[in-house]
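# Descriptive analysis of the structure
Spelled out from the first residue to the last, the chains are:
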Amino acid sequence: MEKTSVQLGFCVPLHTSDKFEDEEDFSPLLGHQSPHWSTWDGGKIGGRPSWLNPRDLPESPLRCRGLCSSRDDDINKEGTPLRFIVQIYCPADDVTENEAAFHRSIYVFACPTCCSSPSWLESNCPEKYSDCVRVLRCQLPKQNEFYPSVGKEDDYDGDEWKKHTSEYWCKVTKNDKLNLCAVCGQRGKGRCPKQKLWFCGSDHQKEHLRAIKMQTQSDIQSNSEVSLRYLPSVCYESELVVEEEPRVCEDSGEPCSDNAMKTDPKKPLFPSKDITDDDAYLEQSDLNALTGTSSTETANGVTDPTTLAFYARMAIGGKQNDVRDQIFRYSRWPDLDNAVSRTNGERDDDGDDDDIGPLWITSDHRPPKRSSEGVGKATFPPPCQYCGAPRSFEFQILPQMLHYLLHEPGSTSNGDNPDENPTRHVLTEAQRAILLEAKSKIESGMDLPEGFREQHEAAVANARSALLGIMGSDGAKRQKNCTTEGVKEGLDWGIIAIYSCTASCGDGRVCSLDESSLGAYREEVAWIQPPLD
């Protein structure tokens with residue numbers, strides 16, 4: 001059976017229409033802001049959520065249930081209000097035979113208090129950290145109250161269609177609380193008489209008022225809304241587009257390209273303990289490039305094979321198909337594919353499902369494996385609380401996403417322009433091979449040879465500096481202790497893995513079993529690995 005492919009997500013800055021010669025190529029509306037569902041693809045990061053069901057919304061604000069909610073202080077006794085991180089449009093009617101999953105979106109929110117660098121050091125309780133991220137799933141059948149049954153504007157009057165907006169349902173139902181918060185985009189609770197806007201609470205009311213006072217005249221002239229730069233509770237917004245991960249040759253484990261390095265996987269890169277010109281399977285230019293970088297002096301090296309595999313996977317496309325800036329990896333329910341393979345008598349010879357499951361960033365802080373020893377044993381993910389179906393991995397959020405969430409697009413602090421950051425080089429295939437060779441040696445219990453250790457440390461340093469949001473050219477995390485204008489604070493993570501109900505249960509209506517007032521939205525689960533630093 002063919003394995004589930006991995007889809008990679010990339011950030012695309014929001015466009016203005018004058019950049020497109022053909023108006024058909026311009027789509028300024030992200031998420032479900034447009035009723036033309038045939039154009040929905042990918043998703044969005046940052047900004048405010050675009051609700052699939054604009055009427056039956058969760059109670060607001062969504063709050064953290066992690067470490068901050070258990071502290072003995074009045075400020076966080078209810079949990080910190082969460083920030084919206086990402087949403088992805090991912091229909092599942094074809095794989096679940098549930099027609100109500102024709103439209104399906106998943107939303108992820110994170111706690112700025114618990115998902116911050118100092119908080120990771122306060123406790124060694126990964127299960128509690130995972131509670132600081134909340135995941136909501138919403139779905140609708142093709143025939144529904146909010147969107148036309150046809151996805152193209154030519155088949156209906158798109159300008160007149162307003163049923164996909166909360167504003168429309170606020171007027172129809174005469175429920176003022178369907179007005180959205182002007183800061184976070186969640187359900188509003190009251191209208192500010194001074195600002196004449198709706199807010200989910202006094203915190204966002206005050207934040208918006210401060211933002212108005214901070215705006216410059218140019219900000220006011222260019223945008224009718226308050227700039228996200230002045231709203232600490234809202235991350236910068238970008239479009240999320242997806243494409244398939246470059247294919248890896250099964251024989252060599254290298255990217256299948258014309259310029260792929262031909263190596264024998266059974267031969268080590270360095271067959272002896274000493275690295276010389278005669279026994280190294282590397283070009284001298286590659287070795288010079290590794291040892292000549294300034295980051296070599298500050299490299300600490302990495303001896304965790306999982307981290308080495310992560311770095312190597314980020315460089316899988318090489319220069320021809322650079323995928324190091326991926327922020328998102330999607331591979332829905334690989335456990336189901338594995339179960340079908342086992343039923344059909346197929347098996348993975350190496351027993352390794354990492355190609356399609358979560359790509360962990362460290363060997364520590366991983367979820368406990370499913371237990372086959374009966375009741376009472378800890379398992380993750382838990383079964384769906386609504387229907388009892390098993391949950392399985394669907395997608396993961398990478399640390400590279402932090403760069404785009406926290407750095408203002410187009411600002412000098414953004415750092416994703418190669419001309420502004422010349423140290424961000426794509427790893428060569430030789431450098432990637434060094435990481436994989438080190439991983440193999442460590443897993444087999446071997447000590448890294450002295451000469452090879454130096455090359456390994458240099459390769460790790462280059463791998464880290466090549467990834468946005470992981471490490472800057474100065475050897476420090478970009479978002480940590482940063483006071484640069486246009487840079488937000490309060491979020492940090494290694495990996496966020498999202499697990500969802502494999503039945504994709506629900507018919508799109510309000511769930512009567514839900515006691516947390518989530519409306520038509522159902523809760524899924526996440527597992528977080530802390531950042532490397």
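Residues numbered from 1 in each chain as written. Predicted model: local features only at pLDDT ≥ 70, side-chain atom pairs only at ≥ 80, totals over all residues. Heavy atoms only, no water.

## Some words on the side chain of Asn 144
Stated formally: Note on conventions: DSSP H or I runs of at least 4 residues are helices, E runs of at least 2 residues are strands, and numbering of each starts at the N terminus. Throughout this description, a polar contact denotes any pair of N or O atoms lying within 3.5 Å of each other; where both atoms belong to protein, one of them has to be capable of donating a hydrogen while the other can accept it, and for residues adjacent in sequence the pair is counted only when both atoms sit in side chains.
Looking at the element boundaries, Asn 144 is found in the loop between strand S5 (133–140) and helix H3 (166–173). A polar side-chain atom of Asn 144 sits 2.9 Å from the main-chain amide nitrogen of Phe 146. At a separation of 2.8 Å, a polar atom in the side chain of Asn 144 contacts the main-chain amide nitrogen of Tyr 147.

## A closer look at the confidence of the model for the protein chain
For clarity, the threshold we go by: pLDDT is a residue-level measure of predictor confidence that goes from 0 to 100. Throughout, a contact is declared for two residues whenever any of their heavy atoms are within 4.5 Å.
Scored by pLDDT, the protein chain comes out at a mean of 77, with 68% of its residues at no less than 70. Across residues 340–352, where pLDDT falls below 50, the model places 7 contacts with residues more than four positions away in sequence or in other chains. Taken together, the stretch residues 471–483 has pLDDT below 50 and engages in 32 contacts with residues farther than four places along the chain or on a different chain.

## A few points about the pairing of strand S3 (residues 83–89)
If a strand is regular, its side chains alternate between the two faces of the sheet. Inclusion rule: Note on exposure labels: buried denotes an accessible area under 20% of the residue type's maximum, exposed denotes more than 50%, and partly exposed covers the range between, all computed with a 1.4 Å probe on protein chains only. Being paired, for any two strands, means DSSP has found at least two bridges between them.
In terms of burial, S3 is largely enclosed, as 7 of its 7 residues are buried. With 3 bridges joining them, strand S2 (residues 43–45) and S3 adopt antiparallel strand pairing. Residue pairing across strands places Lys 44 opposite Gln 87, the latter belonging to S3. Judged from the 6 bridges that link them, S3 and strand S4 (residues 103–110) form a sheet pairing that is antiparallel. The residue bridging Val 86 from the neighbouring strand is Val 108, located in S4.

## So, the packing of aromatic side chains
Where two aromatic rings form a pair, the distance of their centres and the angle of their planes describe that pair. What counts here: Between the rings of Phe, Tyr and Trp (Trp by its six-membered ring), a pair exists once the centres lie within 6.5 Å; its type follows the angle of the planes, with under 30 degrees stacked, over 60 edge-to-face, and the other angles tilted.
Evaluation of the coordinates by the stated rule reveals 17 aromatic pairs. A ring pair is formed by Trp 51 and Phe 109, whose centres lie 6.3 Å apart and whose planes are at 20°; its orientation type is stacked. In this pair, Trp 51 sits in the loop between S2 and S3 while Phe 109 sits in strand S4, placing the two residues 58 residues apart along the sequence. Both residues of the pair, Trp 51 and Phe 109, belong to the buried class.

## Comments concerning the sheet that holds S5
Rules: Each axis is a line fitted through C-alpha atoms, and for a helix only the stretch in contact is used; angles between axes span 0 to 180 degrees, taken between their N-to-C directions.
In spatial order, the strands read S1-S8-S2-S3-S4-S5-S12-S11-S10-S9; together these 10 strands close into a barrel with antiparallel pairing. The sheet shows a mean angle of 30° between the axes of neighbouring strands, direction not considered. Bridge analysis of strand S10 (residues 391–397) against strand S11 (residues 495–501) gives 6 bridges, and the strand direction is antiparallel. Counted as the bridge partner of Phe 393 is Tyr 499 from S11.

## Description of the pairing of strand S1 (residues 7–12)
Across the 6 residues of S1, 5 count as buried, placing the element largely inside the fold. Across 6 bridges, the pairing between S1 and strand S8 (residues 238–244) is antiparallel. Pairing of Cys 11 across the sheet is with Leu 240, part of S8.

## Digging into the environment of Pro 49
You can see Pro 49 is positioned in the loop between S2 and S3. By relative accessible area, which is 7% here, Pro 49 ends up buried. Once the C-alpha coordinates of Pro 49 and Leu 30 are considered, the two residues, 19 residues apart in sequence, prove to be 9.6 Å apart. Look past the residues within four positions of Pro 49 in its chain and what remains in contact with it is Phe 84, Gln 87, Tyr 107, Phe 109, Cys 184 and Gly 185.

## Topic: the pattern of salt bridges
Stated precisely, the cut-off is as follows: Here, a salt bridge means any Lys or Arg side-chain nitrogen found within 4 Å of an Asp or Glu carboxyl oxygen.
On inspection of all chains with the given rule, the structure shows 17 salt bridges. Among the salt bridges present, the one from Lys 171 reaches Glu 167, with a minimum N-O distance of 3.9 Å. A residue pair is termed a helical-turn pair when its members lie 3 or 4 positions apart in one helix, as Lys 171 and Glu 167 do in helix H3 at 4 residues. Here Glu 167 falls in the exposed class, since its relative accessible area comes to 52%. In the salt-bridge network here, residues are joined through shared partners; they are Arg 55, Asp 56 and Glu 145.

## Details of helix H4 (residues 202–214)
The criterion, for reference: Helices are assigned an expected span. That span is 1.5 Å times one less than the residue count. This arc describes the spread of directions from the helix axis toward the C-beta atoms.
A rise of 1.5 Å per residue sets the reference length of H4, with its 13 residues, at 18 Å; its end C-alpha atoms lie 18 Å apart and thus fit the reference within 8%. Among the residues of H4, His 204, Glu 207, His 208 and Ala 211 are the ones counted as buried. One side of H4 carries all its buried residues, which in axial view fall inside an arc of 100°.

## Here's the deal with the packing of helix H10 (residues 429–443) against helix H11 (residues 450–465)
Put simply, the rule is: Note on angle classes: values under 35 degrees are labelled roughly parallel, values over 145 roughly antiparallel, values of 65 to 115 roughly perpendicular, and the remainder oblique. By convention the crossing between two helices is left-handed if the near helix lies anticlockwise of the far one by an angle smaller than a right angle, and right-handed if it lies clockwise. Nonpolar residues are Ala, Val, Leu, Ile, Met, Phe, Trp, Tyr, Cys and Pro. Charged residues are Asp, Glu, Lys and Arg, and all others, Gly as well, are polar.
For the pair H10 and H11, the least separation of the axes is 9 Å and the interaxial angle reads 120°. Relative to H11, H10 is oriented oblique. Viewed along their axes, H10 and H11 form a crossing whose handedness is left-handed. Only Phe 452, Gln 455, His 456, Ala 459, Val 460, Asn 462 and Ala 463 of H11 make contact with H10, whose side of the interface consists of Gln 431, Ile 434, Leu 435, Glu 437, Ala 438 and Lys 441. Each residue belonging to the contact of H10 with H11 can be placed in one class, and the counts come to 7 nonpolar, 4 polar and 2 charged.

## What to know about the nonpolar core
Which entries qualify depends on this criterion: Among buried residues, the Ala, Val, Leu, Ile, Met, Phe, Trp, Tyr and Cys ones that are joined through side-chain atoms within 4.5 Å form a nonpolar core.
With 66 residues, the main nonpolar core has Ile 85 and Val 133 as its most contacted residues. Apart from residues no more than four positions distant in its own chain, Val 133 is found in contact with Val 108, Phe 109, Ala 110, Cys 115, Ile 496, Ala 526 and Ile 528. Counting 29 residues, the second largest nonpolar core, distinct from the first, contains Ala 315, Trp 360, Leu 448 and Ile 495.

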